[in-house]
Amino acid sequence: VECLLLNRDSVGIELNPLAFLISKVKTNAIDPGKLISAYDRLNKSYFEKEIGESISFKGIDTWFSESSTIHLSHLLKSIRLEKNKNIRSVFEVSFSDIVRYISLVRHNGFKLHRDPKKFDIEWNKESIFNEFHSSFCKSFRGLIDIYNDKSNASTTLINEDSSKFIKKYENSIDLIITSPPYGDSSTTVAYGQFSRL
């Protein structure tokens, strides 16, 4: 994002699929009008179509209540109807943002633990979409800034292990910035926990 604002070419390399998706969305200038139109289509699809079958995977009932599973599944299916891949990615980032909040996970630790205080929360179609709407609005504000300040700089994002890839750019790099290591302590980024759900 900073390179785009400074009109500098950049290469981003990220192994974690969720962090890669977030980076891709944050650096992609999308016409705000097209994004709003797509959001309106998503809203209509979510509220007017039948819910259908819930997504299932091993252990889903450990981390999600039945009511949240039903409506999150329906929201994800509605998101996947979007044909524009870049816009669909924006919706997927907002979806990934709310999944952890809606889950039964306790949020004040670095490892995944269930929160008994969340066991009795009932989710409905409206409450799930309200959470999605709030997350989307946060993303939308940032995306408008990128669109309005877009430059001619190129951004290349690669979803792989940077230690293997960096050799291709030998002698052509001005600056390398790395994030803190992944892990399960207060000094690391707990992407494993965030992306698992």
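Just so it is clear, the model here is predicted, and its values are computed rather than measured.

What counts as what
Residues numbered from 1 in each chain as written. Predicted model: local features only at pLDDT ≥ 70, side-chain atom pairs only at ≥ 80, totals over all residues. Heavy atoms only, no water. Buried < 20%, exposed > 50% of the residue type's maximum accessible area, 1.4 Å probe, protein only. Phe/Tyr/Trp six-rings, centres within 6.5 Å; stacked < 30°, edge-to-face > 60°. Helix = DSSP H or I, 4+ residues; strand = E, 2+ residues; numbered from the N terminus. Polar contact = N/O pair within 3.5 Å; in protein donor to acceptor, adjacent residues only side chain to side chain. Contact = heavy atoms within 4.5 Å. Salt bridge = Lys/Arg side-chain N within 4 Å of Asp/Glu carboxyl O. Expected span 1.5 Å × (residues − 1). Core = buried A, V, L, I, M, F, W, Y, C linked by side-chain atoms within 4.5 Å.

## Examining unusual backbone geometry
Argument step 1. A positive phi angle, near 60 degrees, is found at Asn7, a position not held by glycine.
Argument step 2. The class for Asn7 is partly exposed, based on a relative accessible area of 47%.

## Focus: the packing of aromatic side chains
Argument step 1. Within this structure, the stated rule accounts for 10 aromatic pairs.
Argument step 2. For the pair Phe129 and Phe132, a centre-to-centre distance of 5.6 Å together with 45 degrees between the ring planes defines the contact as tilted. Of this pair, Phe129 and Phe132 both sit in helix 7 (residues 125–148), three residues apart, roughly one helical turn. By the burial criterion, Phe129 is buried, and Phe132 matches it.

## Considerations on the side chain of Ser94
Argument step 1. By secondary structure assignment, the location of Ser94 is in helix 6 (residues 85–102).
Argument step 2. Of note is the side chain of Ser94, whose polar atom sits 3.4 Å from the backbone nitrogen of Phe136.

## Some points on the environment of Lys77
Argument step 1. Topologically, Lys77 is positioned in helix 5 (residues 66–79).
Argument step 2. Sequence separation of Lys77 and Ile55 is 22 residues, and the distance between their C-alpha atoms is 9.2 Å.
Argument step 3. Ignoring any residue separated from it by four or fewer positions in sequence, one finds Lys77 in contact with Ile51, Gly52, Glu53 and Ser54.

## With respect to the pattern of salt bridges
Argument step 1. Counted under the stated rule, the structure contains two salt bridges.
Argument step 2. Glu82 is the salt-bridge partner of Arg41, the closest N and O atoms lying 3.0 Å from each other. One end of the pair, Arg41, is in helix 3 (residues 32–48); the other, Glu82, is in the loop between helix 5 and helix 6, and 41 residues separate them in sequence.
Argument step 3. Where Lys138 meets Asp97, a salt bridge forms, and the shortest distance between an N and an O atom there is 3.6 Å. Of the two residues, Lys138 is situated in helix 7 and Asp97 in helix 6; the sequence distance between them amounts to 41 residues.
Argument step 4. In this structure Asp97 comes out as partly exposed when scored by relative accessible area, which is 36%.

## Some words on helix 7
Argument step 1. Here helix 7 contains 24 residues, and its C-alpha end-to-end distance of 34 Å stays within 8% of the 34 Å for a straight helix at 1.5 Å per residue.
Argument step 2. Within the span of helix 7, buried status applies to Lys125, Ser127, Ile128, Phe129, Phe132, Ser135, Phe136, Phe140, Leu143 and Ile146.
Argument step 3. Contact partners of the buried residues in helix 7: helix 1 (2–5), helix 2 (17–26), helix 3, helix 5 and helix 6.
Argument step 4. In this structure Asn124 caps helix 7, since a side-chain oxygen of it lies 3.0 Å from the backbone nitrogen of Glu126.

## A closer look at the nonpolar core
Argument step 1. Counting 32 residues, the largest nonpolar core has Leu35, Leu72, Leu75, Phe91, Phe132 and Phe136 as its most contacted members.
Argument step 2. Secondary-structure elements contributing two or more residues to this core are helix 2, helix 3, helix 4 (60–63), helix 5, helix 6 and helix 7.
Argument step 3. Not counting chain neighbours up to four residues away, the residues in contact with Leu35 comprise Ile30, Ile87, Val90, Phe136, Phe140 and Leu143.

## Regarding the side chain of Thr27
Argument step 1. With respect to the element layout, Thr27 can be found in the loop between helix 2 and helix 3.
Argument step 2. With a relative accessible area of 17%, Thr27 lands in the buried category.
Argument step 3. Polar contacts involving the side chain of Thr27 include one to the main-chain carbonyl oxygen of Ser23, which spans 2.9 Å.

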